[in-house]
Amino acid sequence: MRIDDQFLLGLANLWRMKLRMILTTLGVAIGIGALVSMVSFGIGMQKNVTDAIRENDLFTSLTVTGQEIDIQSAMQGNIEGVIESFQAEAPLLNRDALEKIQSLDGVEIAFPEIVFPVKVRMGNEETQTTLRALPASMGQFKPFNEIPYGHFFASDSASLVLLNPSVLKELKRVVKDPENPVALSWEDSARGVRSVSADSILGKEIEIITSVIDVSKIMQNPLNYLNTTTGRPFREAVTPFRIGGLLKEPSEFSDSRFISGVIAPIGRAEEIPQLGFTSVRDLFDPSGDTEGYGAFYVRVRRTQDLDRIQEKIEEMGYNTFSIMEQLDEIKKGFIILDTALGTIGIIALFVAALGIINTMVMSILERTREIGIMKAIGGSENEIKGIFFFEAGAIGLIGGIFGLILGWIVTRIANVVANYIVTQQGGPVVDYFYMPIWLLLGAIGFSIFVSLLAGLYPAMRAARVDPVEALRHD
Amino acid sequence: MNTEDSLNPILRIQKIVKNYHKGSIQVQAVQSISFDVSKSEFITIVGRSGSGKSTLLNLVGGLDRATSGHLFVNNADLTKMKRSELALHRRQTVGMIFQSFNLIPSRTALENITLALAFGGMKRRDRKQKASEILSRVGLEHRLDHKPGELSGGEAQRVAIARALANEPDILLADEPTGNLDSKTSIEIIQLLEKLNQKQHVTILMVTHDEELAKTVSHRILHLFDGKIVHQQILRRIS
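The shown structure was predicted, so the numbers you read here are calculated from the model rather than taken from an experiment.

Peer 1: How would you summarise the overall build of chain A if you had to cite specific residues and measurements?
Peer 2: If you tally the helices and strands in chain A, you get 17 helices and 13 strands. Scored against the burial criterion, the 474 residues of chain A give a buried share of 43%. Counting contacts in chain A only where the partners sit at least 6 residues apart, residues at least 24 apart contribute 78% of the total. Entry remark: accessible area of chain A is about 25300 Å², with carbon and sulfur atoms responsible for 60%.

This is the structure in structure tokens:
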């Protein structure tokens, strides 16, 4: 008897006990449905995160920093180690270093991280925020190549700034979006926030106010600065700018190195007077070398160059950080999530497998005589095993297919419900579930595998039926 | 013994013993039986129920294993065969019919035959043709698509005979083939077996307790009593 005969016989036997077969198959379908929807949720989460990271172009950049505190020594209470790490002569993050990094093969842009607290004044309104300096060349990359209103600055010395919508709101303006009108909340209206057109904002004058040490005040009365109300040795420096554009509201996946209330061209920003330190080192460095920066942002041309360039910069004695390194950690996290979700589905499937064993043992008891007949007319143990094995496999296949359909329906409904709740709270519409083809095929394969495993014992039992016993006429 | 038959035995049984346990009691079902069966012979074993005749037939059919002794079919010793070889023996060398027919109730007459052909390894497209041929040989060409429940006892036994012959075995083993049939139908079935023996030279080993009916067709009758052959009757020569 050939394999296909065994398969057809198995199917015919299933067809004979339809109701029982349907119930058993339904059990498998529920197991597979649970497994697929659980795992597709985990995969969907992972896909959303990695897509967002890719979307925000985080795979092509790294951050270079100077010497770090030896955290491991600090954790272990090794004070000497900490001091040693401070004292170690690390190369400074200065202009020379920047030029060296810029000249590395494959580096697209490198610039120092300059960010400092500022006060912003527009008309009569003012608010506290941070200013970040970026080169004009960043305008060709995400997220600055697609800013919703206005343009990224074309030159490093332009007197233009880009504003974050949250800062604009603090300045009591909200841009009206005709395509996506959002009503102002009651609190915002009460505060006097007004909805205005983008055109009325763009080109508007805005003042960037920074604190600087007023040496003359200290000289006038060296002891007066102890009086905290009148004697603080600071004064405000005002630098005029115009609003060149409005940024998108940053999402949780936005590159944190670009999130800032105000973004200004790097050349112009460096001219803004400010308390002249960007790193702790500057405070303690007796040489007073203020050429050093806290960090560099380095963007590479191609993702695959990242490792190589990272290594080269580390050879120079600097520390580097890239999201790529983090991605491995993120992936590990998702493997744990997927495993946890998958386990729930697998438990459901194993319950279904017990159902298969039960159904098949029952049907073997009912069909003992028939098995005896098949043996008497020449059926070998392997052939009879095969027939029952195929019965189990067919339950797995059919259950798997229906399980996928079930899982698909469940995830679609869950997606609609989840999106309804999330969008109610102002969240974006996201597909929370993702079923890649390998998951679909894998689930069916797994279903068949588990079913065959469940069929192993019944099939063996069928093969061992004693024909003399089975055919004894009662 | 018939020397002529012994020259050409298709089945040679030597000192075969079968003991089994019924609870804690050991039953000696077959006690050192020896005899040969020639090609084209119609041999009948008669005896009361419990005389061990069905057990003997199961041993020859390869459904059961002997406790000791030898059992040669075409010079191959059944007592030395592996389970898979015994399955092959049941498929190719012997065909069995039973008192209770033992057809698969969910399958039609034709399907019962094609199942046997499938076990015999015939290609699927040839099976139907062959199965209907065999069924018409036993006079059932009009009953192909009937299930066993829709057939009379005589018809069901004919289907069983057809199934037993499907893979063209060397020996047909018949275990009380008329036990469930009325006397008229019994005669018809016995005549069918006689016809198969006479016309197609099928070797038949039959077990029955109906000695009178057996006498009309058998070449030889062996009388079994408490697991031993107590008497042999030679009735006619093999033609």
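On we go.
Peer 1: Got a sec to walk through the confidence of the model for chain B? Specific residues and values, please.
Peer 2: Predicted coordinates in areas of low pLDDT are best not read in detail. Averaged over every residue, the pLDDT of chain B is 91; the share at 70 or more is 97%. Predicted confidence is poor over residues 1-6 of chain B, with pLDDT under 50, and the contacts of this stretch with residues over four places away or in other chains come to twelve contacts.

Peer 1: Describe the pattern of salt bridges, with residues and values.
Peer 2: In this structure the tally under the stated criterion is 35 salt bridges over all chains. Among the salt bridges present, the one from glutamate 113 of chain A reaches arginine 132 of chain A, with a minimum N-O distance of 3.6 Å. Linking glutamate 113 of chain A in the loop between strand S2 (107-112) and strand S3 (114-122) with arginine 132 of chain A in strand S4 (residues 125-134), this pair joins segments that are 19 residues apart in sequence. Judged by relative accessible area, arginine 132 of chain A falls into the buried class, the value being 8%. Across the salt bridge formed by glutamate 188 of chain B and lysine 184 of chain B, the nearest N and O atoms sit 3.4 Å from each other. Of this pair, glutamate 188 of chain B and lysine 184 of chain B both sit in helix H7 (residues 183-200), four residues apart, roughly one helical turn. Given a relative accessible area of 30%, glutamate 188 of chain B falls into the partly exposed group.

Peer 1: So what's going on with the nonpolar core? Which residues, and what values?
Peer 2: Among the nonpolar cores identified, the biggest contains 114 residues, and Leu11, Leu135 and Leu193 of chain B are the most heavily contacted of them. A per-element tally of this core places helix H4 (residues 109-119) of chain B first, with eight residues. Beyond its immediate sequence surroundings of up to four residues, leucine 11 of chain B is in contact with Phe35, Asp36, Val37, Val60, Leu71, Phe72, Val73, Ile171 and Leu205 of chain B. Among the nonpolar cores identified, the runner-up in size contains 59 residues, and Ala136, Phe152, Leu163 and Ile266 of chain A belong to it.

Peer 1: Got a sec to walk through the pairing of strand S13 (residues 319-322) of chain A? Specific residues and values, please.
Peer 2: The two faces of the sheet receive side chains in turn, since in a regular strand these alternate between them. Residue and element names in this part refer to chain A. Taking every second residue as pointing to the same face, the buried face of S13 carries Thr320 and Ser322, while none of Asn319 and Phe321 on the other face is buried. Here strand S1 (residues 61-65) pairs with S13 via four bridges, running antiparallel. The partner of valine 64 across the bridge, within S13, is threonine 320.

Peer 1: If you had to explain helix H3 (residues 83-92) of chain B to someone new, which residues and values would you point to?
Peer 2: The set of residues buried in H3 of chain B consists of Leu86, Ala87, His89, Arg90 and Arg91 of chain B. Residues of H3 of chain B that are buried make contact with helix H14 (368-376) and helix H15 (381-424) of chain A together with helix H2 (53-61), strand S4 (68-73), strand S6 (94-97) and H4 of chain B.

Peer 1: I'd like a rundown of unusual backbone geometry, residues and numbers included.
Peer 2: Of note in this structure, lysine 172 of chain A is not a glycine but carries a positive phi near 65°. Along the chain, the position of lysine 172 of chain A falls in the loop between helix H6 (165-170) and strand S7 (173-175).

Peer 1: Residues and numbers for the sheet that holds strand S8 (residues 203-208) of chain B, please.
Peer 2: Two modes of strand pairing occur in sheets, parallel and antiparallel, and in both the strands are linked by backbone hydrogen bonds. Residue and element names in this part refer to chain B. Taking strand neighbours across the sheet as the criterion, the six strands line up as S6-S7-S8-S3-S9-S10 in an open arrangement whose pairing is mixed. Because the sheet does not close on itself, it has two edges, and the strands there are S6 and strand S10 (228-234). On average, each strand axis in the sheet is inclined to that of its neighbour by 20°, with strand direction left out of account. Sheet strands in contact with H7 are strand S3 (42-46), S6, strand S7 (171-175) and S8, and its direction is about 155° off that of S8.

Peer 1: Run through the sheet that holds S4 of chain B, naming residues and quoting values.
Peer 2: All names here are of chain B. The strand order across the open sheet formed by four strands is S2-S1-S4-S5, and the pairing between neighbours is antiparallel. Two strands bound the open sheet, and with one partner strand each, they are strand S2 (25-38) and strand S5 (76-77). Across five bridges, strand S1 (residues 9-22) lies against S4 in antiparallel orientation. The partner of leucine 11 across the bridge, within S4, is valine 73. Most of the contacts of H2 go to S1, to which it runs at about 120°, and overall it touches S1, S2 and S4.

Peer 1: Describe the interface of chain B and chain A, and please don't skip the residues or the numbers.
Peer 2: Across the contact, 24 residues belong to chain B and 26 residues belong to chain A. In total, about 2200 Å² of surface goes out of reach between chain B and chain A, with carbon and sulfur atoms giving 56% of it. Between chain B and chain A we count five salt bridges in total. As a salt-bridge pair, arginine 124 of chain B and aspartate 5 of chain A come within 3.1 Å of each other at their nearest N and O atoms.

Peer 1: Can you break down the packing of H4 of chain B against helix H5 (residues 124-137) of chain B residue by residue, with the values?
Peer 2: All names here are of chain B. Direction vectors running N to C along H4 and H5 enclose 120°, while the axes themselves pass 9 Å from each other. The angle between H4 and H5 places the two elements in the oblique class. By crossing handedness, the relation of H4 to H5 is classed as right-handed. From H4, Ala109, Leu110, Ile113, Thr114, Leu117 and Ala118 reach across to H5, where they touch Arg127, Lys128, Lys130, Ala131, Ser132, Ile134 and Leu135.

Peer 1: Tell me about the side chain of asparagine 112 of chain B, residues and numbers included.
Peer 2: All names here are of chain B. Relative to the helices and strands, asparagine 112 is located in helix H4. A distance of 2.8 Å separates the side chain of asparagine 112 from the backbone nitrogen of isoleucine 104, its partner in a polar contact. Once residues lying within four places of it in the same chain are set aside, the contact partners of asparagine 112 are Leu103, Ile104, Arg107, Pro148 and Arg163.

Peer 1: Explain H4 of chain B to me, using residue names and the numbers behind them.
Peer 2: Within H4 of chain B, ten of the eleven residues are buried, leaving the element largely enclosed by the surrounding structure. For H4 of chain B, the set of buried residues is Ala109, Leu110, Asn112, Ile113, Thr114, Leu115, Ala116, Leu117, Ala118 and Phe119 of chain B. On its buried face, H4 of chain B is in contact with helix H1 (3-16), H14 and H15 of chain A together with H3, H5 and helix H6 (153-165) of chain B. Count one or two residues on from H4 of chain B and you reach glycine 121 of chain B, which has phi positive near 90°.

Peer 1: Give me the lowdown on the confidence of the model for chain A, citing residues and values where you can.
Peer 2: Scored by pLDDT, chain A comes out at a mean of 82, with 85% of its residues at no less than 70. Every residue in residues 277-290 of chain A scores below 50 in pLDDT, and together they form 13 contacts with partners more than four places removed in sequence or on other chains.

About the criteria used
Residues numbered from 1 in each chain as written. Chains lettered and ligands numbered in written order. Predicted model: local features only at pLDDT ≥ 70, side-chain atom pairs only at ≥ 80, totals over all residues. Heavy atoms only, no water. Helix = DSSP H or I, 4+ residues; strand = E, 2+ residues; numbered from the N terminus. Buried < 20%, exposed > 50% of the residue type's maximum accessible area, 1.4 Å probe, protein only. Contact = heavy atoms within 4.5 Å. Areas by Shrake-Rupley, 256 points an atom, 1.4 Å probe, with all protein chains shown as cover. pLDDT = per-residue confidence, 0-100. Salt bridge = Lys/Arg side-chain N within 4 Å of Asp/Glu carboxyl O. Core = buried A, V, L, I, M, F, W, Y, C linked by side-chain atoms within 4.5 Å. Pairing = 2+ DSSP bridges. Axes fitted to C-alpha atoms, helices over the stretch in contact; angles between N-to-C directions. Buried area = accessible area lost by both parts, 1.4 Å probe. Parallel < 35°, antiparallel > 145°, perpendicular 65-115°, else oblique. Left-handed = near helix turned anticlockwise from the far one by under 90°. Polar contact = N/O pair within 3.5 Å; in protein donor to acceptor, adjacent residues only side chain to side chain.

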